[in-house]
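Take a look at the letters that make up each chain.
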Amino acid sequence: MPWPPPSATPVRDRLPAAAPGAVGIGTAAGVVVVALNKAAHKAAHEPDLNAFSLVKQLLGGRGGGSPELAQGGGPAAERLVDTLAEPPRAIAGR
């Protein structure tokens, strides 16, 4: 997969800048990409919550990247929908 993933950053960049936003993308092969806008990183209830930590949390420690864009692999295709539902919950503090 090319870095940065071609669809993650353009989608994230279309989110309203003032509102927290997260983009989660997954493939049938189990690759997960999380992109956060700056407002999401600032709004997080945990000071170290960022794209990198979310990917590691979602995938059991596998993955890497930056605070705003990270990727990793691991979830089975049947778990992908549940895995991608987690970043917004984490940002909201649930």
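Our subject is the structure listed above.
Reading guide: rules and limits
Residues numbered from 1 in each chain as written. Predicted model: local features only at pLDDT ≥ 70, side-chain atom pairs only at ≥ 80, totals over all residues. Heavy atoms only, no water. Helix = DSSP H or I, 4+ residues; strand = E, 2+ residues; numbered from the N terminus. Buried < 20%, exposed > 50% of the residue type's maximum accessible area, 1.4 Å probe, protein only. Contact = heavy atoms within 4.5 Å. Pairing = 2+ DSSP bridges. Core = buried A, V, L, I, M, F, W, Y, C linked by side-chain atoms within 4.5 Å. Arc of directions from axis to C-beta. Polar contact = N/O pair within 3.5 Å; in protein donor to acceptor, adjacent residues only side chain to side chain.

J.: Before we move on, can you summarise the overall build of the protein chain with the specific residues and values?
T.: Scanning the protein chain from terminus to terminus reveals 4 helices and 4 strands. Secondary structure of the protein chain in N-to-C order comes out as α-β-β-α-α-β-β-α. The buried share among the 94 residues of the protein chain stands at 34%. In the protein chain, 48% of the contacts between residues at least 6 apart in sequence involve partners at least 24 apart.

J.: Lay out the sheet that holds strand E2 (residues 31–36) with the relevant residues and their values.
T.: Ordered by their spatial adjacency, 4 strands build an open sheet running E1-E2-E4-E3, and the pairing between neighbours is antiparallel. Looking along the sheet, the strands with just one partner apiece sit at the ends: strand E1 (22–26) and strand E3 (64–65). Of the strand pairs in this sheet, E1 and E2 are connected by 5 bridges, and their pairing is antiparallel. The partner of Ala 22 across the bridge, within E2, is Leu 36.

J.: Account for the pairing of E2, naming residues and giving values.
T.: With respect to burial, E2 is a largely interior element, 5 of its 6 residues being buried. Remark: 4 residues form the turn of the hairpin made by E1 and E2, two consecutive strands paired antiparallel; Gly 30 in that turn has positive phi of roughly 90 degrees. Pairing between E2 and strand E4 (residues 69–73): 5 bridges, direction antiparallel. Bridging from a neighbouring strand, Ala 35 pairs with Leu 69 of E4.

J.: How would you summarise the nonpolar core if you had to cite specific residues and measurements?
T.: Grouped together as the largest cluster of nonpolar side chains are 12 residues: Val 32, Val 34, Leu 36, Ala 40, Leu 49, Ala 51, Leu 54, Val 55, Leu 58, Leu 59, Ala 70 and Leu 80. Mapped by element, the contributors of at least two residues to this core are E2 and helix H3 (51–58). Among the elements that make up this core, the one with the highest residue count is H3 (4 residues). Formed by 5 residues, the second largest nonpolar core is a distinct cluster that contains Val 23, Val 33, Ala 35 and Leu 69.

J.: Before we move on, could you go through H3 and cite the residues and values that matter?
T.: Taken as a whole, H3 has its buried residues at Ala 51, Leu 54, Val 55 and Leu 58. Taken down its axis, H3 places every buried residue within 100 degrees of arc, on the same side. Of the residues that open H3, the one with a side-chain oxygen 3.0 Å from the backbone nitrogen of Phe 52 is Asn 50. Once H3 finishes, Gly 60 follows within two positions and takes phi at roughly 65 degrees, a positive value.

So, to be careful, I would describe these as geometric facts and stop short of saying anything about function.
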